[in-house]
Amino acid sequence: MAFYQPLLILISLSVTLSTATLQPFLLTVVNNCPFTIWPAIQPNSGHPILENGGFCLPALSHRSFPAPITPWSGRIWARTHCYTSPSHHFSCATGDCGTGKLECMGNGGAPPATLAQFTLHHGPNDLSSYAVSLVDGFNVPMTVTPHEGNGVCPVVGCKGDLLATCPRVLQVRASRGYVVGCKSACEAFGKDEFCCRGHFNSPQTCKPSGYSEFFKSACPSTFTYAHDTPSLTHECSAPRELKVIFCH
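Conventions we followed
- Residues numbered from 1 in each chain as written.
- Predicted model: local features only at pLDDT ≥ 70, side-chain atom pairs only at ≥ 80, totals over all residues.
- Heavy atoms only, no water.
- UniProt positions renumbered as here; feature names shortened; annotations may be inferred.
- Helix = DSSP H or I, 4+ residues; strand = E, 2+ residues; numbered from the N terminus.
- Rg over C-alpha atoms; globule rule 2.2 N^0.38 Å.
- Buried < 20%, exposed > 50% of the residue type's maximum accessible area, 1.4 Å probe, protein only.
- Contact = heavy atoms within 4.5 Å.
- Areas by Shrake-Rupley, 256 points an atom, 1.4 Å probe, with all protein chains shown as cover.
- Lys, Arg positive; Asp, Glu negative; His and termini not counted.
- Charge placed at Lys NZ, Arg CZ, Asp CG, Glu CD.
- Core = buried A, V, L, I, M, F, W, Y, C linked by side-chain atoms within 4.5 Å.
- Disulfide = S-S within 2.5 Å.

- As named in an unreviewed UniProt entry, the protein is Thaumatin, taken from Heracleum sosnowskyi.
- Taken from UniProt, the Sequence similarities (unreviewed entry) comment for the protein reads in full: "Belongs to the thaumatin family."

Shown next, in the form of structure tokens:
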């Protein structure tokens, strides 16, 4: 066993030093909407659940928490029009994660929902990548806004309220008749050409549609279909804070 000890010590030291070079920063979720939302967070497989995966955020308020200090990837979105039934079952008209509780505990959300996607602390320069996606449709205006940082650190997202202009065939309506979500063409029609499945599962065969162009014309800095432009993912080194702002 003595033969392996120096190697183990070296590996341990290397991991410790690598982790020590990662810069801590805050994740902040801001609700600028004139109504309550219920943000949800889903980590990718193997990564920790942040803030129990979901919480309530009243209008004109925010919640900050430390970003992981190790590599992490996942997504954040808003659940809307949520309520608790007399039997204490929690559910939402959009973005529902199916737990029946306030906390999503790592579950994903039902489309349509505007998504913020993150890959934190990757590469030799401690990069944090982020993007806003309408691939799963739209429910609330959203931007990702970095504070400080080096490299390519723009504000990206969708500030417009697409519910007002959503094509009728994509609309999701609440029980009272008003529009609460705007589906993707994949969700609305289930066809491979819209979902980038089967023969269409490549950048060469998966092309924008008239429906994805509706989203793209309103929000050009977002992903609108599965093989949209990769350059829409931005890499920012050592930001002090990444803000997810709803109704920016």
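What follows continues from the structure just given.
## As for the overall build of the protein
1) Next: Broken down by element type, the protein carries four helices and 14 strands.
2) Next: The C-alpha radius of gyration of the protein comes to 20 Å, within 12% of the 18 Å expected for a compact globule of 248 residues.
3) Next: Projecting the C-alpha coordinates of the protein onto the three principal axes gives extents of approximately 70 × 50 × 35 Å.
4) Next: Per-residue burial for the protein yields a buried fraction of 44% across its 248 residues.
5) Next: Restricting the contact set of the protein to residue pairs at least 6 apart, pairs at least 24 apart contribute 64%.
6) Next: When the accessible area of the protein is evaluated, it comes to approximately 12,300 Å², of which 57% is carbon and sulfur surface.
7) Next: For the protein, the centre of its 15 positive side-chain charges and the centre of its 14 negative side-chain charges are spaced 7 Å apart.

## Some details on the nonpolar core
1) Next: With 28 residues, the main nonpolar core has Leu27, Phe118, Leu120 and Phe246 as its most contacted residues.
2) Next: Leu27 has contacts with Leu50, Arg63, Ser64, Phe65, Ala67, Leu120 and Leu242, leaving out every residue within four places of it along the chain.
3) Next: Listed in part, the 12 residues of the second largest apolar core include Leu134, Phe138, Cys158 and Leu163.

## Considerations on the state of the cysteines
1) Next: Tallying each qualifying case throughout the model produces eight disulfides.
2) Next: Residue Cys153 pairs covalently with Cys236 via a disulfide, S to S 2.1 Å. Taking the sign of the S-S torsion, 95° for the link of Cys153 and Cys236, the bridge is right-handed. Here Cys153, found in the loop between strand 9 (150–151) and strand 10 (156–158), pairs with Cys236, found in strand 13 (residues 234–237); they are 83 residues apart in sequence, far enough to count as distant.
3) Next: Given the relative accessible area of 21%, Cys153 is considered partly exposed.
4) Next: What makes Cys236 buried here is its relative accessible area of 0%.

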